[in-house]
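# Commentary on secondary and tertiary structure
Given next are the chains, with one letter for each unit.
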Amino acid sequence: MKLIGKKIGILFEADYYENEIFYYQYRFPEEGAEVHFLTRLWGQPKITFTGHEHKVPMDCWESFENMSDEELRSYSAIIVPSGMVSDRLRYTENVEKIPPATEFLKRVFAEPTILKGIICHGLWLTAPATELVKGRKLVCHNNLIGDAKAYGAIYVNEDVVVDGDLVTGRSGGHAHFFAAKIIEILSEKA
């Protein structure tokens, strides 16, 4: 168990890719990590989201909104998963403001001790704050290569890419490679 005492946050919303999310839900705890799914709760105690492929319901009762700096720093890693999760999290009520999930991601990127993981279409969450990935090496879904380059990122054609405290993965189908790299990096920090 390489991740005892580590806490991993996974951003969550509707249309999640079940195979990826369920893999994280079991794989990280196998190594001793505590896993937290984080979303916008819209004032509710919990929200039930359904998956994209099989419409599997999954409850989420933790929010990233109003998270204190102290609580944020208690996380070893924050992951933006594949699929439509990041697109849904990009919603903002006020088009003059950055979406709350992107504001949260900016806070995550400001913390050098937190490993940042973005896989597949998760890159969309950085669109309102391209400075987060500008000049950084990454991989994303093939459909987003143009987006990555437009954000100023350096696209690398590999399944998993590590650039300092940023780990990126090509697609939800590569979640096992992506998770393995996150486990490897976090276990080296122990």
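Nothing here was measured: the structure is a model prediction, and the numbers come from that model.

### Description of the sheet that holds strand 7 (residues 115-119)
Strands sit in the order 5-2-1-6-7-11-10 across an open sheet of seven strands; the sheet is mixed. Each edge of the sheet is formed by a strand with only one pairing partner; in this case those strands are strand 5 (62-63) and strand 10 (160-163). Of the pairings in the sheet, the one linking strand 7 to strand 11 (residues 166-169) comprises four bridges and is parallel in character. Its bridge partner being in strand 11, Lys116 is matched across the sheet by Leu166. Sheet strands in contact with helix 1 (residues 18-30) are strand 1 (7-11), strand 2 (34-39), strand 6 (77-80) and strand 7, and its direction is about 145° off that of strand 2.

### Quick word on the UniProt feature "domain: DJ-1/PfpI" (unreviewed entry) in the chain
The positions UniProt marks with the feature "domain: DJ-1/PfpI" (unreviewed entry) are residues 6-184. Within residues 6-184, the helical portion is 27% and the strand portion 23%, while the C-alpha atoms at the span's ends are 12 Å from each other.

### Thoughts on the nonpolar core
Counting residues in each nonpolar core, the largest one holds 64 residues, and the members touching the most others are Ile8, Tyr24, Phe28, Phe104 and Leu123. Looking at which element gives the most residues to this core, the answer is helix 6 (residues 175-188), with seven residues. Aside from chain neighbours lying at most four places away, what touches Leu123 is Ile118, Val133, Leu138, Cys140, Leu144, Ala148 and Tyr151.

### Topic: the packing of aromatic side chains
Overall, the coordinates contain eight aromatic pairs when judged by the stated rule. On the numbers, 6.3 Å between centres and 50° between planes, the contact of Tyr24 with Phe178 is tilted. In this pair, Tyr24 is assigned in helix 1 and Phe178 in helix 6, connecting sequence segments 154 residues apart. Each member of the pair, Tyr24 as well as Phe178, is classed as buried. Among the aromatic side chains, those forming a connected cluster through ring pairs are Phe12, Tyr16, Phe22, Phe37 and Phe49. For Lys7, the ring lying beneath its charged end belongs to Tyr75, and the centroid distance is 4.4 Å. Directly above the aromatic system of Trp42 lies the positively charged group of Arg40, at a separation of 4.0 Å from the ring centroid.

Reading the values: rules and limits
Residues numbered from 1 in each chain as written. Predicted model: local features only at pLDDT ≥ 70, side-chain atom pairs only at ≥ 80, totals over all residues. Heavy atoms only, no water. Pairing = 2+ DSSP bridges. Helix = DSSP H or I, 4+ residues; strand = E, 2+ residues; numbered from the N terminus. Contact = heavy atoms within 4.5 Å. Axes fitted to C-alpha atoms, helices over the stretch in contact; angles between N-to-C directions. UniProt positions renumbered as here; feature names shortened; annotations may be inferred. Core = buried A, V, L, I, M, F, W, Y, C linked by side-chain atoms within 4.5 Å. Buried < 20%, exposed > 50% of the residue type's maximum accessible area, 1.4 Å probe, protein only. Phe/Tyr/Trp six-rings, centres within 6.5 Å; stacked < 30°, edge-to-face > 60°. Lys NZ or Arg CZ within 6 Å of the ring centre and 35° of its normal.

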